[in-house]
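Residue strings, one per chain:
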Amino acid sequence: MAKWDYSAAPESTEIVDVRDTYGLFIDGQFVGPASNDYFKTINPATEEVLAAIPIAGETDIDNAVRAARKAFKKWAALSGGERAKYIFRIARILQERARELAVLESMNGGKPIKESRDVDVPLVAAHFFYYAGWADKLDYAFPGRRAEPLGVCAQIIPWNFPLLMLSWKIAPALAGGNTVVLKPAETTPLTALLFADICRQAGLPPGVVNIVTGAGPTGQALVRHDDVDKVAFTGSTEVGKEIQRAVAGTDKELTLELGGKAANIIFDDAPLDQAVEGIVNGIFFNQGHVCCAGSRLFVQESIAERLIGKLKQRLATLRLGDPLDKNTDIGAINSRDQLEKIRKLVGIGVEEGAELYQPACDIPERGFFFPPTVFTGVSQSHRIAQEEIFGPVLSVMTFRTPAEAVTKANNTPFGLSAGVWTEKGSRILWMADRLQAGVVWANTFNRFDPTSPFGGYKESGFGREGGRHGLEAYLRLKETT
Ligand code: NDP
């Protein structure tokens, strides 16, 4: 019998003008790197080269920080209302160019177009709108304290949400009167460079936003630059620790948003079909390249068999493939290195005795893809229950009592997020009180909103992004007695 299936519905790439070679965005201009060194950025779904990207060295970083310093005086001296006009303008242009941004985000990063189009880009615009609204209210936001900008902010972001992480960093910094030098991840520089073009289009004064591309050493040079007042980093715990060491003993402010190994906890009174959707969204959204992904599933023992049966059925309906196809649920893994890391940890899971389940699915011949994967029979000591895999891999464990769920959920060096599924409101509050996680979602997962602070405990970092808390991270507050 013929199997019914979706027809291909690829989004056109015509709207995007990918240049052969890009420049660094310094002092309002695109300029070549002093070293004249470039690297190639690719489309992880096809392995095709998209463009040559400059590698910023120490001279370029110095130029970018100088430009930001020069711009800082005037930018900070503008009234909040004037700064807000620029930020609102950026937000509106982001909306106008939303399709272009979404297509480029999917081409360079591998995420499904329906996510970049419906989640990433709308949230990016929302962040700029939200923080534009704060710019003229700094005098009232922190009663009894006067808010001053910090100065030049060095911002380093990862590849999993290239534009969204840019917005979390740049929007509050600008609203607070700071100027920035931002380094996107090596594998996903293109939308940050398109954002630079948007800054020009918005008439943002030169030097307020600078974008420098390159790999780890570029980030290192930026963090270590003497004239930086604040470092904001999102990425791995390992690099976060290195940055903390580099900043120690200086007067640079620091916020770190690092890894996670979130618990998604399902009680026996939870609405199971909704919970299955929440589990899928929790771990397979963005191929699991999510710091707050619900990568550890804790199911109450009495419903475990039923729930896992439903989950397996649902997995079989996920469509993996071309990120630009509007039907695609699971796109490409961001890089070959990341694919290797996922393969290695999945291999370790099998060796350690966990039971692997993957639905039958066609893996494209070219590009980096990994099927949705569920491990059952996982124990707390397994590496797949402890380490951040950062891929579409779920480790399932069980519990009997709420106290046991809390103990198991907290048994991790991380503490970024958690999810609780139950019909009982009192149980949600009881659990939220005890879970060591910066964000606890109730009967939902992976919900983001610019008004809501996000950040970690323990090895997941410190500082908050989003909401008034996120604004505070870019301000020096002084008593007004
Ligand atoms: P990294 O932490 O290495 O990268 C994050 C950013 O930091 C990138 O822009 C990176 O540049 C830059 N960077 C790298 N080294 C330094 C340094 N010494 N000083 C300053 N900046 C630096 O993450 P990876 O991309 O290497 O991924 C490694 C693992 O980290 C993943 O497998 C995943 O498990 C985890 N990860 C977690 C994230 C999270 O949000 N929790 C986000 C991304 C990754 P470049 O891209 O050039 O390396």
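Every value quoted in this text rests on a predicted model; they were computed, and no experiment measured them.

### Structural notes on the packing of helix 3 (residues 98–109) against helix 4 (residues 113–134)
(1) Moving on: At a minimum axis distance of 9 Å, the contact between helix 3 and helix 4 shows a crossing angle of 125°. Viewed along their axes, helix 3 and helix 4 adopt a mutual orientation that is oblique. For the element pair helix 3 and helix 4, the recorded crossing hand is right-handed. Residues Ala 98, Leu 101, Ala 102, Val 103, Glu 105 and Ser 106 of helix 3 form the contact with helix 4, whose own contacting residues are Ile 113, Ser 116, Arg 117 and Val 121.
(2) Moving on: Of the residues assigned to the contact of helix 3 with helix 4, the class counts are six nonpolar, two polar and two charged.

### Examining helix 2 (residues 80–96)
(1) Moving on: Here helix 2 is 17 residues long and its end C-alpha atoms lie 24 Å apart, about the 24 Å a rise of 1.5 Å per residue gives.
(2) Moving on: Listing the buried residues of helix 2 in full gives Gly 80, Arg 83, Ala 84, Tyr 86, Ile 87, Ile 90, Ala 91, Ile 93 and Leu 94.

### Here's the deal with the site of the ligand
(1) Moving on: Close to the ligand lie 28 residues, the nearest being Trp 159, Ala 215, Ser 236, Gln 338 and Lys 341.
(2) Moving on: A distance of 3.0 Å is found between an oxygen atom of the ligand and a side-chain nitrogen or oxygen belonging to Lys 183.
(3) Moving on: Contacts to the ligand include Glu 186, whose backbone N or O atom sits 2.8 Å from an oxygen atom.
(4) Moving on: Look at the ligand: alone it shows 840 Å² of surface, and the protein chains cover 87% of it.
(5) Moving on: Judged by the proximity of its atoms to the pocket grid, the ligand belongs to the largest pocket.

### Side note on the layout of surface pockets
(1) Moving on: Size it by volume and the largest pocket reaches roughly 1,400 Å³.
(2) Moving on: As for the largest pocket, its lining consists of 48 residues, and the residues nearest its centre are Trp 159, Gly 235, Ser 236, Val 239 and Gln 338.
(3) Moving on: Every element with two or more residues in the lining of the largest pocket is listed here: strand 3 (38–42), helix 8 (216–224), strand 9 (230–234), helix 9 (237–247) and helix 12 (336–351).
(4) Moving on: Looking at the lining of the largest pocket residue by residue, the class counts come to 21 nonpolar, 16 polar and 11 charged.
(5) Moving on: Here the lining of the largest pocket gathers at least three residues from each of two domains, domain 1 (24–258 + 459–479) and domain 2 (263–450).

Criteria and cut-off values
Residues numbered from 1 in each chain as written. Predicted model: local features only at pLDDT ≥ 70, side-chain atom pairs only at ≥ 80, totals over all residues. Heavy atoms only, no water. Axes fitted to C-alpha atoms, helices over the stretch in contact; angles between N-to-C directions. Helix = DSSP H or I, 4+ residues; strand = E, 2+ residues; numbered from the N terminus. Parallel < 35°, antiparallel > 145°, perpendicular 65-115°, else oblique. Left-handed = near helix turned anticlockwise from the far one by under 90°. Contact = heavy atoms within 4.5 Å. Nonpolar A, V, L, I, M, F, W, Y, C, P; charged D, E, K, R; others polar. Expected span 1.5 Å × (residues − 1). Buried < 20%, exposed > 50% of the residue type's maximum accessible area, 1.4 Å probe, protein only. Near = heavy atom within 4 Å. Polar contact = N/O pair within 3.5 Å; in protein donor to acceptor, adjacent residues only side chain to side chain. Areas by Shrake-Rupley, 256 points an atom, 1.4 Å probe, with all protein chains shown as cover. 1 Å grid on protein atoms, 1.4 Å probe; cavity = no way out; pocket = protein on both sides within 12 Å on 5 of 7 lines; lining within 4 Å. Sits in = over half its atoms within 2 Å of the grid points. Points joined across faces, edges and corners; volume = space filled by probe spheres on them. Domains from an automatic or database assignment.

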